[in-house]
Amino acid sequence: MSDTTAPAVELDGITKRFGDVVANDEVDLTVEQGTVHALVGENGAGKTTLMSVLYGLYDIDGGTIRVDGEERTFDSPRDAIDAGVGMVHQHFELVDPMTVIQNIILGQEPTERGLVDEDSARTTVEDVCDRYGFDVDQYLDTRVEDIGVGVQQRVEIVKSLYRGADTLILDEPTAVLTPQEVEELFDVMEELTASGRSLIFITHKLDEAMAVADEITVLRDGKSVGTVDGAETTEQELARMMVGRDVLFEGQERTTEPGEEILAVDGLQVRDDRDLRQVEGIDLSVRSGEVLGIAGVDGNGQAELVEAITGLRRVESGTVSFDGADITTASRRERIESGIAYIPEDRQEEGLVQDYDLVRNALLGNQTIEQFVDGGFVDWGAVRAHAADIVSEYDVQPPHVEAEAGSLSGGNQQKFVVGRELKHDPDLVVASHPTRGVDIGSIEFIHNRLHEMRDEGMAILLVSSKLDEVQKLSDRLAVMHEGEFVDVVDPDDVTEEELGLLMAGRQRGGGEYEQPGEAESAEVDGGAGS
Amino acid sequence: MSAASERARAIVDRMADRMLRASVLERFALAVASTTLALLIGSVIVWATGYDAVEFVSSLLYGAVGNISNIAFTLRQSTMLILTGVAVAVAFRAGVFNIGVQGQFVVGGFATALTILFLAPLLPGGIVGGVLLMALGTIVAIVAGGAYGAVPGLMKAYADANEVITTIMLNFIASGVIYFFIDAYLRPAGTSAPNTESFPEYVGLPGFAFGSSSFSVIGLGIALLTALVVYVVMARTSFGYDLVTSGHQESAAAYSGVDPKRTVVTTMTFSGMVAGLAGAMFAIMILGYYSDPSSFPSFGFDAIAVSLLAANNPLGVVPAGLLFGGLDAGGQYIGFTLDVPAELVDGVVGLIVLFVAAPELFRMSARRLGLGGEDR
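Residues numbered from 1 in each chain as written. Chains lettered and ligands numbered in written order. Predicted model: local features only at pLDDT ≥ 70, side-chain atom pairs only at ≥ 80, totals over all residues.

### Some remarks on the overall build of chain B
Worth spelling out the cut-off: By definition, any uninterrupted DSSP run of H or I lasting at least four residues is a helix, any uninterrupted run of E lasting at least two residues is a strand, and each is numbered from the N terminus. Restricting the calculation to C-alpha atoms gives the radius of gyration, and the globule rule supplies 2.2 Å times the number of residues raised to the power 0.38. With C-beta atoms placed from the backbone, the exposure class of a residue follows from how many other C-beta atoms lie within 10 Å of its own: 20 or more, buried; 12 or fewer, exposed; in between, partly exposed. Contact between two residues is assigned when their C-beta atoms, built from the backbone, lie within 7 Å.
When you go through chain B residue by residue, the secondary structure sums to 14 helices and zero strands. The C-alpha atoms of chain B give a radius of gyration of 23 Å, which matches the 21 Å a tight globule of 376 residues would have. Taken along the three principal axes of its C-alpha coordinates, chain B extends 80 × 60 × 35 Å. For chain B, with 376 residues in total, the buried portion stands at 48%. Sequence-distant contacts in chain B: of pairs separated by 6 or more residues, those separated by 24 or more amount to 79%.

Okay, here's the thing in structure tokens:
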């Protein structure tokens, strides 16, 4: 913290081109010392590019960078770190089999006669943790793969602080966190600014930006739309700046009544990879033209429940029926063929093959569908046309079917997956966190599509940890805690506070479900460390 | 400093872009240029170690393509390397490391030999009998190779046994057991060599223009056809899509309805079938009898290098197999005719392989580092 009067970071007229594409067009950004400055915008608006410029990952085509009042040119992240700029990436850059302390000092190990001096590193790291009230010091000798996502993120932050960062860039830090972990992160951010650090907080969740940011800068199409005061702005104003038009936050009225039962789950018990029972006897039913929402903190058995229904995980006991037929032991492929579409939680690992282009990804899950395969041979022409349909109908950017899936932004990857799954013309859609990491324009689009599908008579099972999402989309809302449904409620007749209590396992007065926390549910791991 | 590094990066970026866009013809030209350059450097090494560099290089070339019988030998080795190379490529493409192609290959050949030797007395002689015996022998070899490949596949899928280790062990088991059977039961009385009887003289592929007893264009044709068929299966069928997707990203394959365990077994079986076909070709086209497998050339291992050079593309295995076949033939010829240490020959051959592989290595690392693309 050299000069306390000059802004921590001052970007002036930053321009960055990739070929013909202008990713940043004369963007200005001023981050005052000791504040949180949120950078919001849709996927592809240029947020990450701008921050990569500040972190020395890209060289610029125009403009100047000042850090603490001093003009700088960064050729590499090393230069940025030397100037006191640190970055926590959305996908953590940690070495899983190494311990936390090894990760923190990696690249800047204190040495004593050529050997790593872990003791002095430990003292330094513990100091950093003490100063900001981090709990990371208790994990120093634990391997990264054995700690939870929230802790991993704090390890990344400690790593940056250890390297002497005064200004920290947090790239969509909440995308991978549970609501509780988000709260913890916000506390950490407060501690950091209180001690004079400056934070740049990249997000596309407006409520989060408004909750923690002193100032909010909105980017759209590579340009800065404006900077507003975090305490004074409204969600509507920000959304308008981001999307360039008014965004409806309300769900649409339904036009049809639910029909017959499509999915029935009875007494389902499922174990996870560590052989712990994660689903403790769930009964549920979804009718055509109906959305059943499942709310809950991540790691309470939702993932295992969804995998058991879609055929990716073996059922321990209980039954799953689809369209009146028992499919408990049916293979994943048989379930796809019979009309169950699945929007998976993890688009990077499951929903898309990262180094396939969109054409080849359009076949994923459709390998046995007659429209694309004849006598074992793939009709690549039909698949290509299908990919092009998805791209245009779901507004996937860039609109090239030859683009590799891995080169698309998260929101566009998600739109492609949603498009592919919904175009199957399924009878049942299982949607797991369908808008995680997606910008609000796309969220609105995906929500509208799901509602249209429901109105066309599809049965939808929606799992999400976003309360506003499940409340808005669901016709009925089940709350899951430690492998059981705590309650099934009418989403229009429940407050967020009530839902929050239910998610924590506390029941509203006298429901028909058992009290959680009893007997065997006590052995269920609450999801830490997964 | 920064300007210089920027310029260097821009140059590397442009080169990577150029390499990634190279056409098939350009890649072939690159391979020829690489071979020439490697031969130049190799001859400097040969000269520096006190041997005649000109004689060395000319012998290498003469041994590979110098006359009709040397060409036949090159193509014979290439035939085997293409078939075994395709077998390796199939498995590697699907993300399964089948190091057991050698074992599946010798099992396939043994199955062919057994079929021919036992059925020959029961079938008519002449062309009809010969074709029938060869066809049956080949089919049995494909089945046997597939079955022997399925074993490590099953062990990996259902017992979590690492296929690299099991396939290597199964190579030794195959050689040992086959040697035992030949030595104990199939060796004609009064002979000491662990060889079976010779196949009837009407069993064998015609040499045609090459006039060779151990090479036939029919064999090469079968190898080329196999490469083409496997390529089509991998690129154009849903079965191939399942396999390749499993190799790229297993979790996405499972999501799409591919059963990962079953895929490991089918991949190993498919790979073993192609290796078995190579064994049939070895028994019928080259040997004409069967022998102790530990005395056979290690086609199944050389095939790993062939497949990697071809980036595990079944069609790419064809030029890679031809190159390796030529180098093998040329190297053996030097061994017969010149008084040069075998290590020197291997060194120069290795240099050529390295040089030819370099562009592909460059492409791979460029792709990994995100160079040469506009979208990053």
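There is more to say after this.
### Brief notes about the interface of chain A and chain B
Test applied: Asp, Glu, Lys and Arg are counted as charged, while Ala, Val, Leu, Ile, Met, Phe, Trp, Tyr, Cys and Pro are counted as nonpolar; the rest, among them Gly, fall into the polar class.
Each partner contributes to the interface: chain A provides 28 residues, whereas chain B provides 22 residues. Every element with two or more residues in the side of chain A that touches chain B is listed here: α10 (332-338), α11 (347-351) and β20 (377-378) of chain A. By residue class, the composition of the side of chain A that touches chain B is 12 nonpolar, nine polar and seven charged.

### Observations concerning unusual backbone geometry
Residues and elements named next belong to chain A. The phi torsion at aspartate 68 lies on the positive side, around 50°, for a residue other than glycine. Along the chain, aspartate 68 falls in the loop between β4 (62-67) and β5 (70-72). With phi around 55°, aspartate 323 is a residue other than glycine that occupies positive phi space. Position of aspartate 323 among the secondary structure elements: in the loop between β16 (317-322) and β17 (325-326).

### Description of the pairing of strand β15 (residues 290-295) of chain A
Residue and element names in this part refer to chain A. Worth spelling out the cut-off: Paired strands are those between which DSSP finds at least two bridges.
A large share of β15 lies buried, amounting to six of its six residues. Judged by which residues are buried, β15 turns out to be covered on both faces: Glu290, Leu292 and Ile294 on one side and Val291, Gly293 and Ala295 on the other are all buried. As judged from the six bridges shared by β15 and strand β22 (residues 459-464), these two strands associate in the parallel manner. Opposite isoleucine 294, over in β22, you have valine 463 as the bridge partner. As judged from the four bridges shared by β15 and strand β23 (residues 476-481), these two strands associate in the parallel manner. Across the sheet, the residue bridging to isoleucine 294 is alanine 478, located in β23.

### Notes on the sheet that holds β16 of chain A
Residues and elements named next belong to chain A. Read from one edge to the other, the open sheet built from four strands follows the order β14-β13-β16-β17, with strand pairing classed as antiparallel. Edge strands, defined here as strands with exactly one partner in the open sheet, are β14 (277-287) and β17. Both strand β13 (residues 261-271) and β16 contribute to a ladder of five bridges, which runs antiparallel. Residue alanine 264 lies in a different strand from β16, and its bridge partner there is serine 321.

### Some words on helix α6 (residues 179-194) of chain A
All names here are of chain A. Going by this rule: Helix span, as expected, comes to 1.5 Å for every residue beyond the first. As used here, the arc belongs to the directions running from the helix axis to the C-beta atoms.
For α6, spanning 16 residues, the distance from its first C-alpha to its last is 23 Å, which sits close to the expected 22 Å at 1.5 Å a residue. Restricting attention to buried positions, one finds in α6 the residues Glu181, Leu185, Val188, Met189 and Leu192. For α6, the angular spread of the buried residues around the axis is 105°, confining them to a single face. Of the residues in α6, the exposed ones pointing more than 90 degrees away from the buried face are Glu183 and Ala194. Immediately downstream of α6, the backbone of glycine 196 shows phi near 95°, a positive value.

### Points about the sheet that holds strand β11 (residues 215-220) of chain A
Residues and elements named next belong to chain A. Using the following cut-off: Inter-axis angles, ranging from 0 to 180 degrees, are taken between N-to-C directions of lines fitted to C-alpha atoms, where helices are fitted over the stretch in contact.
Strands sit in the order β6-β9-β10-β3-β11-β12 across an open sheet of six strands; the sheet is mixed. Each edge of the sheet is formed by a strand with only one pairing partner; in this case those strands are β6 (85-88) and β12 (223-229). Averaged over all neighbouring strand pairs, the angle between strand axes comes to 20°, with direction disregarded. In this fold α6 packs onto β3 (36-40), β9 (167-171) and β10 (198-203), with an angle of close to 150° to the strand it touches most, β10.

### What to know about the domain arrangement of chain B
Often, the extent of an interface is quoted as the loss of accessible area upon association of its parts. Residue and element names in this part refer to chain B. For clarity, the threshold we go by: Boundaries between domains were set according to an automatic or database domain assignment.
The assigned domain composition of chain B is domain 1 (13-51 + 340-376) and domain 2 (76-336). At the junction of the two partners, domain 1 supplies nine residues and domain 2 supplies eight residues. Within the side of domain 1 that touches domain 2, the residues separate by chemical class into eight nonpolar, no polar and one charged.

### Considering the packing of helix α3 (residues 53-65) of chain B against helix α13 (residues 317-337) of chain B
Each pair of packed helices gets described by two things: the angle between the helix axes and the distance between those axes. All names here are of chain B. Applicable threshold: Throughout this description, any angle smaller than 35 degrees is read as roughly parallel, any larger than 145 degrees as roughly antiparallel, any in the 65 to 115 degree range as roughly perpendicular, and the remainder as oblique. For a crossing to be left-handed, the near helix must be turned anticlockwise from the far one by less than a right angle; the clockwise case is right-handed.
In contact at an axis separation of 7 Å, α3 and α13 are set at 120° when each is read in the N-to-C sense. By the criterion of interaxial angle, the relationship of α3 to α13 is oblique. In this structure, the crossing between α3 and α13 has a hand that is right-handed. Contacts from Phe56, Ser59, Leu60, Leu61, Tyr62, Gly63, Ala64 and Val65 in α3 reach Gly326, Ala329, Gly330, Gln332, Tyr333, Ile334 and Thr337 in α13. For the contact of α3 with α13, the per-class residue count stands at nine nonpolar, six polar and no charged.

### A short note on the environment of aspartate 266 of chain A
All names here are of chain A. Looking at the secondary structure, you find aspartate 266 in strand β13. Since 16 C-beta atoms lie within 10 Å of it, aspartate 266 is described here as partly exposed. Once residues lying within four places of it in the same chain are set aside, the contact partners of aspartate 266 are Asp283, Gly318 and Thr319.

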